[in-house]
Structure formats: structure tokens, C-alpha cells
Amino acid sequence: MIYVVGSSFNSLAAANAFVNKGLDVTILDVGKKPSFQNKQIIKDLLKKNDIYKVIKFINSIARKNAKNYPKIKMNKTNFGSHFYREKLINDIVEQQLETETSLSYALGGFSNIWGAACLPILKEEMKSWPIKYEDLSENFDEVSKLLNVNGENDDLNNFFNFKNYQAYEHELSSQSKGLLKQLNFKREDLKKSGFHFGRSKLAINNSNNGYKGCVECGLCLHGCPHDLIFNASDLFKNFINNKKINYIPNIKVKSFDELNNEVTIYAENMEINKMVEFKAKYLFLGSGSISTMKILMDTLKIKKDITLASKDQYVAPIYLKFKSKLDYKQNYNTLSEIFIEVNDNKICENNVHIQIYPFSDIVLSFLPFFKKFFSKYFNFIFSRLMIAQILIPSKFSPLINVALSEKNSLILKSQKNKTSSEIIKKVIKKINQKQSLGFSVLNKLMIKLSIGGSQHLGSSFKMSNEPKVSETDIYGRPLGFKNVHIIDSTILPSLPTATIVFASMSNSLRIAKAVISKILSEKN
């Protein structure tokens, strides 16, 4: 029997591979589901109201419990709810010192709230990895298909050796059209200067996988009322309804053991508040970077401190240097519309990933006030204002020190790293000096998210050819285990500089395929 723990991206990649081969698989998951009906209420409100009245309603819900959660500046909720995210201090984390990490017990995990951005890892980023780039890249097309990645054939495809699975079915905002036109006009000059760009690659449902196209309602950063942003929970629900998997909710895995090729999983049944056990031939653990790390620490009885990698994230307004139009009714997709990679060894040895977002209420929460009293100047001022989200490679971002308290809970503490602030200064200087980019970063208004706030976390039990106690082998197996495989970002030797989900899913699929091959060979 195959057991998979968790229901987010990496668990989905593995479970989908097993289902496709007709193998029996059981999912153990806490599997929280929202008890509210906000989505239907919002659908009804959209039919009758200005979008800002709908957003005001969503924000009123979000404010009620926001103080207990990370203060993410570009704050995304699921229709005002934080059900997908546990509080900063929870049953696993006892204390956070200068960090704001999160974990999720929701069905689908953070896929309930992600920004849908998808890019693979670059070959040069894997130089120190114990596996070859080709071991991972051979799974890119399959992951792209599973996520239904939308994109256009552009310079990013060449830069990342990547194919989109599906073409977009919705238009760019007027701002992004103008900016992309400017960038393309200066393409060769920008390329020589280390700027690679293109329309963003997003995991969005459309007619290709049985959905209607984006209706451009402008609510993307608050939750899509039409289910068009890819969510792992949708596929898991499909598996459950079609009896392709055995799904057991309300199960919180605590640790595991292995004896004579049989894995015993120790877990808490949260419905009856009792400890329970499951017997498995194979265990695939994809609970998320913090939960998986804690399960491994308890299983391996690790008492010494370990480290968790993170990626610093900065958010800043950018000012367009050309005339642009603005639809203040926000009738466009408000997810990231343009990706830019800054590839300059004088800044750092890795590329720096930038996501450009169109103007939205998230950028300026006081928009309704401005619209009412300054409508005459509104378009003139804000038509040139967009938002840049800049991610610093994990190698140059602060590590998070992880220690156990007397209560056997985690204490997370940031380790200082000044390199990140030096890199962001160089990146902004390079951008603002490059006139042909067509925009400038307003660095005086830039915000740095708290350490861990980007949710780009992992690399606490890295893959190694010669694993130690706090490492795994190339198939994610902890030291001393043969049939237990870790399949999330916990085992990545380094965090990809662009997005984590795509590379981590590709690695999960690689591991699942290796076990499938073993199972099928044993049957024959």
C-alpha cells in the first residue's frame, strides 16, 4: 500500500503519477475545508456591484482575524478568510523571532492562495546538486501539463528551456501591454545587459482543461470566484469523487518507523483526539517545509539545531516612463503579468527574479477615496504605477535557525545576512540606470517582507549522494530508511531562484516514477 501525506502541489504530483499507473494510493491529510460560503456571496455581489464594494466586503472579513497572521503587504486571502493558513504560533511552532513563516493544514495547502507563477530551475543552479539537470527537466512537460501552465513563446522559454502547456485566453492589462511593447522594442539591447523577460507563466485553468476562460473580474488576489487559478484541492476532489484514491482527512502525521520493509505511520486523528497507526509499503511525505521538517526531527530524534532556507522578498512600486491607460474598474486579471530575470554576475552569481503586477486595489487600498475626490487626476497619476515583486536567491538570503523548545516545539530565529540588502540595491540601481526598460523602481517606497514571509522555504534535509542524519539520499530517503520518501522542498539542495513549486513538483514526480518502476518490475 502506498501512502502519501499532504494534499498540496508535491503530494499531487506523486499521487497523480500513481493514479495514472492504476496503483492503490491512500492520502493522509488534515484537510481543513472552509466552513463559509463567501465565494457564492461574492459571485452574487459581482453581478450587482462595483468591484470596490465587493473588495470592501472581502477586506472587512479579512480584518477580523488578520492580527494573528503574517503581515504580508500584498495580502492575499481566500475571499477574506485565512482558513488555509495556521496562526504564526501554532501546535508546531512555539516561537518566531524576526520571522513570519506559515504552515497550512487546508485541503490543497497553499495552492488555495498562491499567485500561480511557474518557472523551472536553471541548469546552472543545479551544479552542486547530487542529481543531473536532465533528471529533473525530463519531467517539466508533464508538470506543465498537470498545472495547465499558460504562457507565450518568448525569451523566457529559451532562457529556462521551458515549454508552456497552453496559450493564454485572456488579454493583458493596458499597462502591461504598453510595458511589454516597450521591452520587446529594446529586446536585443536589454538581453546584452542581462535582462530576460516575457509574459508571465501562470497555472490558470481554461477551456483546455474544461473550464471557461478568465472573465477578468479583477479579484485574483482575493481568490478567484470562478476557480480559474489552479488549486491542487480541485484535482484531489476529483480523485475522491471518482474513487481513484483513498482519502482520509483529519489525520496529522507525527512520525514514522520502518521495520522489515514495512512502514508504520504514527498520527493523531483530530476528529477523535486519539493517536492512530497506519501500515504502509511505501510512504511519501509532502506535508510542507515546516511540517515535514518537524516530522523528520521527531522521527530521527534530532535535538540539535538545523537550518531552514528562505528567500527574501521585496515589493516596490514602479513608475512607467511612457503614457499608459488605466482601467480603474480593474476589469483585468490582476495576477503577475510580466516576468523579468536580471542575470548579472556583478550583482550575484544567480539571476534575480522579478514579477510585475498591474495596478490593483492591493497596490493602493485608498483607491475608492482617491476615485471619489480626485477623479480628475486619477488616471494621470496611477496609469503609470505598477508593482514589482523582487525575489533574492536563497543563497544570499537569511537562513532560519530551527531549535526545539522544552515542549518539543519549534523555535524559529532569523540568521542575519546583509548580502540580500546589498543585492537589492544593486538590482534597483541597474534597473533605474537602464533607460530602455521603460520604468523605474520607486525604491523609497519599497517594502521588505519579514523573513519567511514569502513562503519560499525548504532545504532543511537536503538530498546528498552520501547523506548524513539531517540529509536524504537522491530519492528523498532519510538515513536508515528504504521505503520512505520526502517529496517536497524540504530536500531541495537549494531553492530555485525563480519559483519553487515547479522544480519541487518535478522532483516529486522524478522520485515517484523511480518507485513506480520498482513496483512494476517486482510485479513482473
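1. Considering the overall build of the protein chain
Thought 1: Regarding its fold elements, the protein chain presents 14 helices and 22 strands.
Thought 2: Dimensions of the protein chain along its principal axes, counting C-alpha atoms only, are 75 × 50 × 50 Å.
Thought 3: Put simply, the protein chain has 524 residues, and 60% of those count as buried.
Thought 4: For the protein chain, long-range pairs separated by at least 24 residues make up 72% of all intrachain contacts whose partners lie at least 6 apart in sequence.
Thought 5: For the protein chain, the distance from the average site of its 73 positive side-chain charges to the average site of its 48 negative ones is 7 Å.

2. Let's talk about the pairing of strand β17 (residues 400–404)
Thought 1: Burial analysis of β17 places five of its five residues in the buried class, which makes it a mostly covered element.
Thought 2: Alternating positions in β17 separate into two faces, Ile 400, Val 402 and Leu 404 on one and Asn 401 and Ala 403 on the other, with burial throughout.
Thought 3: Pairing analysis gives three bridges linking strand β12 (residues 306–310) to β17, with the strands arranged antiparallel. The residue of β17 that forms the bridge with Thr 307 is Asn 401.
Thought 4: Of the pairings in the sheet, the one linking β17 to strand β18 (residues 410–414) comprises five bridges and is antiparallel in character. Bridging across to β18, Leu 404 finds its partner in Leu 410.
Thought 5: Where β17 folds back on β18, the antiparallel hairpin that results is connected by five residues, among which Asn 408 adopts a positive phi of roughly 65 degrees.

3. Quick word on empty space enclosed by the protein
Thought 1: Going through the model one piece at a time under the given rule, you end up with three cavities of 30 Å³ or more.
Thought 2: Approximately 100 Å³ is the volume found for the largest cavity.
Thought 3: Surrounding the largest cavity, 15 residues form its lining, Cys 214, Cys 220, Cys 224, Leu 228 and Asn 333 being those nearest its centre.
Thought 4: A per-class count over the lining of the largest cavity returns 11 nonpolar, three polar and one charged.

4. A closer look at helix α1 (residues 9–20)
Thought 1: The end-to-end C-alpha separation of α1 is 16 Å, in line with the 16 Å expected for 12 residues at 1.5 Å each.
Thought 2: Within α1, 11 of the 12 residues are buried, which leaves the element mostly enclosed by the surrounding structure.
Thought 3: Taken together, the buried positions of α1 are Phe 9, Asn 10, Ser 11, Leu 12, Ala 13, Ala 14, Ala 15, Asn 16, Ala 17, Phe 18 and Val 19.
Thought 4: On its buried side, α1 packs onto β1 (2–5), β2 (25–28), α5 (140–147), α9 (232–241), β11 (282–285) and α14 (501–523).
Thought 5: Positive phi shows up at Gly 22, right after α1, with a value of about 70 degrees.

5. Considering unusual backbone geometry
Thought 1: Although it is not a glycine, Ala 116 adopts a positive phi angle of roughly 70 degrees.
Thought 2: With respect to the helices and strands, Ala 116 occurs in the loop between β3 (93–97) and α4 (133–137).
Thought 3: Judged by relative accessible area, which is 0%, Ala 116 ranks as buried.
Thought 4: We note that Ser 459 has phi near 60 degrees; this positive angle belongs to a residue other than glycine.
Thought 5: With respect to the helices and strands, Ser 459 occurs in the loop between β21 (457–458) and β22 (484–486).
Thought 6: Exposure remark for Ser 459: the relative accessible area of 5% places this residue in the buried category.

6. Quick look at the nonpolar core
Thought 1: In this structure, Phe 18 and Leu 147 are the most contacted members of the largest nonpolar core, which totals 114 residues.
Thought 2: No other element matches the 10 residues that α14 contributes to this core.
Thought 3: Contact partners of Phe 18, with chain neighbours within four places excluded, come to Ile 2, Val 4, Leu 23, Val 25, Phe 284, Ala 512 and Ile 516.
Thought 4: Ile 340, Val 352, Ile 390 and Leu 437 belong to the second largest nonpolar core, which has 33 residues in total.

7. Remarks on the sheet that holds β17
Thought 1: Spatially, β3-β18-β17-β12-β21 is the arrangement adopted by the five strands of the open sheet, whose pairing is mixed. Among the strands making up the open sheet, the edge pair consists of β3 and β21.
Thought 2: In the sheet, β12 pairs with β21 via two bridges, with the strands oriented antiparallel. Paired with Ala 309 across the bridge in β21 is Gly 458.
Thought 3: Set on the sheet, helix α10 (residues 289–299) makes contact with β3, β12, β17, β18 and β21; between it and β12 the angle comes to about 165 degrees.

8. Side note on the packing of aromatic side chains
Thought 1: According to the stated counting rule, one finds 11 aromatic pairs in the structure shown.
Thought 2: One aromatic cluster in this structure is built from Tyr 133, Phe 140, Phe 162 and Phe 502.
Thought 3: Across the ring face of Tyr 168, the terminal group of Arg 199 is positioned such that the distance to the ring centre comes to 3.7 Å.

9. Here we look at the environment of Val 501
Thought 1: By the element assignment, Val 501 lies in helix α14.
Thought 2: Between the alpha carbons of Val 501 and Ser 454 there is a distance of 13 Å; along the sequence they are 47 residues apart.
Thought 3: Discounting residues that sit within four places of it in the chain, Val 501 has contacts with Phe 9 and Trp 114.

10. Overview of the side chain of Ser 233
Thought 1: By the secondary structure assignment, Ser 233 is in helix α9.
Thought 2: Once residues lying within four places of it in the same chain are set aside, the contact partners of Ser 233 are Leu 107, Gly 108, Ser 111 and Asn 112.

11. Observations concerning the state of the cysteines
Thought 1: Taken as a whole, this structure holds zero disulfides when the rule is applied.
Thought 2: Cys 220 provides the cysteine sulfur closest to Cys 118, a residue in no disulfide bond, and the two sulfurs are 15 Å apart.
Thought 3: Relative accessible area serves as the criterion here: at 15%, Cys 220 is assigned to the buried category.

About the cut-offs
Residues numbered from 1 in each chain as written. Predicted model: local features only at pLDDT ≥ 70, side-chain atom pairs only at ≥ 80, totals over all residues. Heavy atoms only, no water. Helix = DSSP H or I, 4+ residues; strand = E, 2+ residues; numbered from the N terminus. Buried < 20%, exposed > 50% of the residue type's maximum accessible area, 1.4 Å probe, protein only. Contact = heavy atoms within 4.5 Å. Lys, Arg positive; Asp, Glu negative; His and termini not counted. Charge placed at Lys NZ, Arg CZ, Asp CG, Glu CD. Pairing = 2+ DSSP bridges. 1 Å grid on protein atoms, 1.4 Å probe; cavity = no way out; pocket = protein on both sides within 12 Å on 5 of 7 lines; lining within 4 Å. Points joined across faces, edges and corners; volume = space filled by probe spheres on them. Nonpolar A, V, L, I, M, F, W, Y, C, P; charged D, E, K, R; others polar. Expected span 1.5 Å × (residues − 1). Core = buried A, V, L, I, M, F, W, Y, C linked by side-chain atoms within 4.5 Å. Axes fitted to C-alpha atoms, helices over the stretch in contact; angles between N-to-C directions. Phe/Tyr/Trp six-rings, centres within 6.5 Å; stacked < 30°, edge-to-face > 60°. Lys NZ or Arg CZ within 6 Å of the ring centre and 35° of its normal. Disulfide = S-S within 2.5 Å.

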